[in-house]
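# Structural characterization, general
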Amino acid sequence: MTNQLKVKMILSKEFKVGKIDDRIYGSFIEHLGRAVYEGIYEPAHSSANEQGFRQDVMDMVRELKVPLIRYPGGNFVSGYNWEDGVGPVESRPRRLDLAWKSTEPNHVGTNEFMNWATQVGAEVNMAVNLGTRGVDAARNLVEYCNHPGGSYWSDLRISHGWKEAHRIKTWCLGNEMDGPWQIGQKTADEYGRIAVESAKAMKLVDPSIELVACGSSSSAMTTFAEWEATVLDHTYEQVDYISLHNYYANRDNDLSNYLAQSLDMNHFIKSVASICDYVKAKKRSKKTIYLSFDEWNVWFHSNEADKKIEPWSVAPPLLEDIYNFEDALVVGTLLITLLKNADRVKIACLAQLVNVIAPIMTDKEGDAWRQTIYYPYMHTSVYGRGTALNPIISSPVYDSKDFTDVPYLESTAVYDETNETLTIFAVNRSQEAPLLLEGDIRDFTNYRVIEHIVLENDDVKATNQINRTNVVPHNGGDAEVRDGTLLAHLPKLSWNVIRLAK
């Protein structure tokens, strides 16, 4: 039998990262591939409701308790005229979507999506087009969505059958405007100017909204850091968040290195927070800018298949990554990393929600099913509400191709004071040995383990498919509290959720 590795953790109610904003468990639906059409919307499906939305998909989204969904893009938004998606469906235009070389029928637009989001219990993080459009279209959309009535755009919404204002709180000022792939790409100064002027106009229409400025499209951009500093120099007093985007991949089939990529995410978050604080100091401001990590996930499996898609079709099967067990472990470490930074990361969006690099997949006219990454996302969203704690962890480490001192244990904890529960999320990165976790929980007297959920599999490449669920969690984990000490066995290569209650 392989010798187990020992790790130690000290947990205290006083060691706090901060209150978790529920929006950290957000997601994303873009008019891309089969996310909307054949994803959330399929009128001919046997489960479709009278609005055409698949109720089997809605049930899975509700199970995830997704609090916030970014919409309608993404790259798509930089060429999107929002007016195309409102009013009588039969008179809406078909448009070429230049971002994804598809045809957009505009059967689903702003009001339909707001209706769907309400039914799944989510708020919407609405993006405005600052690629081909600007101040005018942005302020008009805010008026259409949020103004109660008595003005041109709000009365138009009412005439379209939506008497009540949508009251959308969070808005994205464009998408990835530094990217050469973006329609209407801009320099940092060009974007900063249009973003601040759009922000001013939008907040004149509705002062209660919160705004997200575009950060770099990824930390690998050559303009990274300088972009953030310049954009914030323009927008600091008008915006509330700056965005981060990053995707992770295992192209070299190097599991040790792949499992360490959450260290890159952590470094990215710390770097952007420090840039925000530099601009704060430079401006002598008392205001703190928070972070919106509104695109993150694993994305690489579908890259080759996407090159073969016929252009200008409606809802082509784009970005349909089929995730395996090792991807679920990585997503688990990324979720833990977001929680470790809950004092600055207030919004995060797993990109995306259905069919497109997604936890939920659908078959046209058939079933919907849960991918491997569905489970860590669901567990953190459901059990990770409350205060993020800062555990003191002592773990053996390893080195990989791109990272040094990678701890075998990636873990954090959440304390829900209202319900008096403590939840520990933990990934064992070791490919050979289980971990014996010894947790000092002296602050949590009379607490006992009520459940230890484990996601494990002997095959790191195991996937779930429409009729095959190889990777599913079980709650037969081995954890107990003995004399004020938590003792837990974490199997090799496993995702663990240890739930304690008084």
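For the structure itself, look to the data block above.
Attention in this report is confined to the structure presented alongside it. A quick note: this is a predicted structure, and the numbers were derived from the prediction, not measured.

Turning our eyes to something else, we now look at the packing of aromatic side chains. All told, the structure shown has 18 aromatic pairs when counted by the stated rule. Summarising the aromatic geometry, the rings of F113 and W116 are spaced 5.5 Å apart at their centres and angled 35° between planes, so their arrangement reads as tilted. One end of the pair, F113, and the other, W116, are both in helix 2 (residues 110-120), three residues apart, so they sit about a helical turn from each other. A ring pair is formed by Y191 and W227, whose centres lie 5.8 Å apart and whose planes are at 15°; its orientation type is stacked. With Y191 in helix 5 (residues 188-205) and W227 in helix 6 (residues 226-235), the pair connects residues that are 36 residues apart, well separated along the chain. One exposure class covers both Y191 and W227, and it is buried. Aromatic rings pair up to connect W82, Y144, Y152 and W153 into one cluster.

So, about the nonpolar core. Residues W116, W171 and Y191 are the most contacted members of the largest nonpolar core, which totals 153 residues. For this core, the element with the highest residue contribution is helix 10 (residues 325-340), accounting for 10 residues. Apart from residues no more than four positions distant in its own chain, Y191 is found in contact with L130, L173, M177, K186, A213, C214, W227 and V231. In terms of nonpolar packing, the next biggest core, distinct from the first, is built from 10 residues, F28, L68, C172 and Y241 among them.

Taken in spatial order, the eight strands of this closed barrel run 3-4-7-8-9-10-11-12, and their pairing is parallel. Within the sheet, the average angular offset between the axes of one strand and its neighbour, ignoring direction, is 30°. Of the pairings in the sheet, the one linking strand 7 (residues 123-128) to strand 8 (residues 170-173) comprises four bridges and is parallel in character. Bridged to V128 within strand 8 is L173. Sitting on the sheet, helix 10 is in contact with strand 10 (241-248), strand 11 (290-298) and strand 12 (345-351), with an inclination near 175° to strand 11.

Another point: the packing of helix 10 against helix 11 (residues 374-383). One way to put it is that helix 10 packs onto helix 11 with a least axis distance of 8 Å and a crossing angle of 25°. When the axes of helix 10 and helix 11 are compared, the pair comes out roughly parallel. Considering how the two elements wind past one another, helix 10 and helix 11 form a crossing that is right-handed. Taken together, the residues of helix 11 that come into contact with helix 10 (itself represented by A328, V331, G332, L335 and L339) are P376, Y377 and T380. Tallied by class, residues from the contact of helix 10 with helix 11 come to six nonpolar, two polar and no charged.

Now for the side chain of D321. Checked against the element boundaries, D321 lands in the loop between helix 9 (303-306) and helix 10. R251 is the oppositely charged side chain nearest to the buried, salt-bridge-free D321, at an N-O distance of 8.1 Å. A polar side-chain atom of D321 sits 3.0 Å from the main-chain amide nitrogen of F300. Of note is the side chain of D321, whose polar atom sits 2.5 Å from the side chain of S302.

Within a sheet, each strand pairs with its neighbour through backbone hydrogen bonds, oriented either parallel or antiparallel. Read across the open sheet, the six strands follow the order 2-15-19-20-27-22; overall the sheet is antiparallel. Single-partner strands in this sheet number two, and they are strand 2 (16-19) and strand 22 (448-456). The mean inter-strand angle of the sheet, taken between neighbouring strand axes irrespective of direction, is 20°. Judged from the eight bridges that link them, strand 22 and strand 27 (residues 494-501) form a sheet pairing that is antiparallel. Across the sheet, residue I453 finds its bridge partner in strand 27, namely V497. The sheet strands contacting helix 10 are strand 2, strand 15 (387-389), strand 19 (409-416), strand 20 (421-428), strand 22 and strand 27, and the helix crosses strand 19 at an angle near 50°.

Moving on, we get to the pairing of strand 25 (residues 478-482). Sheet analysis places strand 25 next to strand 26 (residues 485-490), joined by five bridges and oriented antiparallel. Bridging across to strand 26, V481 finds its partner in L486. Counting the residues in the hairpin turn of strand 25 and strand 26 gives two residues, including D483, whose phi is positive at 55°.

For the bond running from Y71 to P72, omega is 0°, close enough to zero to count as cis. Tracing the chain through its elements places P72 in the loop between strand 4 (68-71) and strand 5 (95-97). Of note, the bond from G73 into G74 is cis; its omega dihedral lies within 30 degrees of zero at 15°. Looking at the element boundaries, G74 is found in the loop between strand 4 and strand 5. Of note in this structure, W312 is not a glycine but carries a positive phi near 70°. Structurally, W312 can be placed in the loop between helix 9 and helix 10.

Here we come to the environment of D306. Mapping D306 onto the fold places it in helix 9. Considering only alpha carbons, one finds D306 and S400, 94 residues apart in sequence, at a separation of 30 Å. Among residues more than four places away in sequence, those in contact with D306 are P317, L318 and L319. Of the polar contacts made by the side chain of D306, one reaches the backbone nitrogen of L319; its length is 3.0 Å.

To continue, consider the packing of helix 8 (residues 262-282) against helix 10. For any two helices packed against each other, the geometry comes down to the angle between their axes and how far apart the axes lie. At a closest axis distance of 9 Å, the pairing of helix 8 and helix 10 adopts a crossing angle of 25°. Judged on the interaxial angle alone, helix 10 and helix 8 are roughly parallel. As for the relative orientation of helix 8 and helix 10, their crossing is right-handed in sense. When helix 8 is examined against helix 10, the residues S262, M265, N266 and I269 are found in contact with a partner set consisting of T333, L334, T337 and L338. Class assignment of the residues belonging to the contact of helix 8 with helix 10 gives a composition of four nonpolar, four polar and no charged.

The next thing to look at is the pattern of salt bridges. The full count for this structure, using the stated rule, is 32 salt bridges. Where D59 meets R62, a salt bridge forms, and the shortest distance between an N and an O atom there is 2.8 Å. Here the residue D59 and the residue R62 both occupy positions in helix 1 (residues 55-64), the gap between them amounting to three residues, near one helical turn. Where D233 meets K282, a salt bridge forms, and the shortest distance between an N and an O atom there is 3.3 Å. Of this pair, D233 sits in helix 6 while K282 sits in helix 8, and the two are 49 residues apart along the sequence. D233 gets classed as partly exposed once you look at its relative accessible area, which sits at 33%. Assessed through its relative accessible area of 40%, K282 is described here as partly exposed.

Conventions adopted
- Residues numbered from 1 in each chain as written.
- Predicted model: local features only at pLDDT ≥ 70, side-chain atom pairs only at ≥ 80, totals over all residues.
- Heavy atoms only, no water.
- Phe/Tyr/Trp six-rings, centres within 6.5 Å; stacked < 30°, edge-to-face > 60°.
- Helix = DSSP H or I, 4+ residues; strand = E, 2+ residues; numbered from the N terminus.
- Buried < 20%, exposed > 50% of the residue type's maximum accessible area, 1.4 Å probe, protein only.
- Core = buried A, V, L, I, M, F, W, Y, C linked by side-chain atoms within 4.5 Å.
- Contact = heavy atoms within 4.5 Å.
- Pairing = 2+ DSSP bridges.
- Axes fitted to C-alpha atoms, helices over the stretch in contact; angles between N-to-C directions.
- Parallel < 35°, antiparallel > 145°, perpendicular 65-115°, else oblique.
- Left-handed = near helix turned anticlockwise from the far one by under 90°.
- Nonpolar A, V, L, I, M, F, W, Y, C, P; charged D, E, K, R; others polar.
- Lys, Arg positive; Asp, Glu negative; His and termini not counted.
- Salt bridge = Lys/Arg side-chain N within 4 Å of Asp/Glu carboxyl O.
- Polar contact = N/O pair within 3.5 Å; in protein donor to acceptor, adjacent residues only side chain to side chain.

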